[in-house]
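Below are the chains, spelled out letter by letter.
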Amino acid sequence: MGKQAVDILSIDVPRLIKLLNSALAEEWLAYYQYWIGARLMEGPMRSEIEPELLLHATQELNHAVLVVDRIIQLRGIPVLHPQDWFKHSHCKYDAPEDPYVEVILEQNLQGERCAIHRYKEIADYTSGKDHTTHQMATTILNEELEHENDIEDWLTDIKRMKQELKKIRM
Ligand SMILES: [Fe+2]
Ligand SMILES: [Fe+2]
């Protein structure tokens, strides 16, 4: 994107870049949280859920690519040091210290809800002002909504399975 093209955007570009850098840091933390959690996970439906969590991880990394490309187009500087991820991220990184599947899924669910909030904020901020960023944020937002839905479905299935097992034992 040319300098003039950035200058004529009727938006506070430094503020937008700050939001995008938060999103970038959050994507990397989400990627790692999925990636490490999937490998440690134990409990019911593990073999079905593990590959799905790894797919979510890959999708988070793809989001990071979209976001970093946009920061560069806007002539901003993306977060350069991993130690700065925590400074920019407003989403929590939950270390999977308890590998039980429901705990891991709950941690990832909180991450997704935080990401949904972030991309809604970016989409709202750029609406009618920066079409390209708005479109990107909306595309990512839809995937985060799908991720949230996937996790809620697995948690429901596990709960249901536990209830059925209880009935058999009674
Ligand atoms: Fe993401
Ligand atoms: Fe996600």
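Nothing here was measured: the structure is a model prediction, and the numbers come from that model. (Residues numbered from 1 in each chain as written. Chains lettered and ligands numbered in written order. Predicted model: local features only at pLDDT ≥ 70, side-chain atom pairs only at ≥ 80, totals over all residues. Heavy atoms only, no water.)

K.L.:
Would you mind going over the overall build of the protein chain in detail, with residue names and values included?
P.N.:
The helix and strand inventory of the protein chain stands at 6 helices and 0 strands. Each of the three principal axes of the protein chain carries a C-alpha extent, and together these read 70 × 30 × 20 Å. Burial status across the protein chain gives 42% buried among its 170 residues. Across the protein chain, the fraction of contacts at a sequence separation of at least 24, relative to all contacts at a separation of at least 6, is 83%. For the protein chain, the exposed surface amounts to about 9500 Å²; the carbon and sulfur share of it is 56%. Of the charged side chains in the protein chain, 19 are positive and 29 negative; the average position of the first set lies 4 Å away from that of the second. (Helix = DSSP H or I, 4+ residues; strand = E, 2+ residues; numbered from the N terminus. Buried < 20%, exposed > 50% of the residue type's maximum accessible area, 1.4 Å probe, protein only. Contact = heavy atoms within 4.5 Å. Areas by Shrake-Rupley, 256 points an atom, 1.4 Å probe, with all protein chains shown as cover. Lys, Arg positive; Asp, Glu negative; His and termini not counted. Charge placed at Lys NZ, Arg CZ, Asp CG, Glu CD.)

K.L.:
Describe empty space enclosed by the protein, naming the residues involved and giving the relevant values.
P.N.:
All chains considered together, the criterion is met by 1 cavity of 30 Å³ or more. Approximately 200 Å³ is the volume attributed to the largest cavity. Lining the largest cavity are 19 residues, with Glu26, Ala30, Cys91, Gly111 and Glu112 sitting closest to its centre. Those elements that provide at least two residues to the lining of the largest cavity are helix H2 (13–40) and helix H5 (101–126). In terms of residue count, H2 provides more of the lining of the largest cavity than any other element does, 7 residues in total. Grouping the amino acids of the lining of the largest cavity by side-chain chemistry returns 8 nonpolar, 4 polar and 7 charged. (1 Å grid on protein atoms, 1.4 Å probe; cavity = no way out; pocket = protein on both sides within 12 Å on 5 of 7 lines; lining within 4 Å. Points joined across faces, edges and corners; volume = space filled by probe spheres on them. Nonpolar A, V, L, I, M, F, W, Y, C, P; charged D, E, K, R; others polar.)

K.L.:
How would you summarise the coordination of the iron ion (ligand 2) if you had to cite specific residues and measurements?
P.N.:
By definition of the ideal shapes, a tetrahedral metal site with four donors has angles of 109.5 degrees and an octahedral site with six donors has angles of 90 or 180 degrees. The protein atoms donating to the iron ion (ligand 2) are Glu60 (OE), Glu112 (OE), Glu112 (OE), Glu144 (OE) and His147 (ND1), with metal-donor distances spanning 2.0 to 2.3 Å. Each donor residue of the iron ion (ligand 2) lies on one chain, and together they are spaced E-x51-E-x31-E-x2-H. (Donors = N, O, S within 2.8 Å, 3.2 Å for Na, K, Ca; no water.)

K.L.:
Would you mind going over the packing of H5 against helix H6 (residues 131–169) in detail, with residue names and values included?
P.N.:
Look at H5 against H6: their axes get within 8 Å of each other, and the N-to-C directions meet at 155°. Of the possible angle classes, the one that applies to H5 and H6 is roughly antiparallel. Read as a crossing pair, H5 and H6 show a hand that is left-handed. By residue class, the composition of the contact of H5 with H6 is 16 nonpolar, 6 polar and 10 charged. (Axes fitted to C-alpha atoms, helices over the stretch in contact; angles between N-to-C directions. Parallel < 35°, antiparallel > 145°, perpendicular 65-115°, else oblique. Left-handed = near helix turned anticlockwise from the far one by under 90°.)

K.L.:
Can you tell me about the coordination of the iron ion (ligand 1), naming the residues and giving the values?
P.N.:
Protein coordination at the iron ion (ligand 1): the donors are Glu27 (OE), Glu27 (OE), Glu60 (OE), His63 (ND1) and Glu144 (OE), at 2.0 to 2.3 Å from the metal. Separating the iron ion (ligand 1) from the iron ion (ligand 2) is a gap of 4.0 Å, bridged by Glu60, which donates to each. With Glu27 in helix H2 and Glu60 in helix H3 (residues 46–73), this residue pair connects regions lying 33 residues apart in the sequence. Assigned by exposure class, Glu27 and Glu60 land together as buried.

K.L.:
An account of the packing of H2 against H5 is needed here, citing residue identities and associated values.
P.N.:
At their nearest, the axes of H2 and H5 sit 10 Å apart, and the two run at 160° to each other. Between H2 and H5, the crossing angle belongs to the class labelled roughly antiparallel. The crossing of H2 and H5 is left-handed. Of H5, the residues touching H2 (which contributes Arg15, Leu16, Leu19, Leu20, Ser22, Ala23, Glu26, Glu27, Gln33, Tyr34 and Gly37) are Ile104, Gln107, Asn108, Glu112, Arg118, Tyr119, Glu121, Ile122, Tyr125 and Thr126. Here the contact of H2 with H5 is built from residues that sort into 9 nonpolar, 6 polar and 6 charged.

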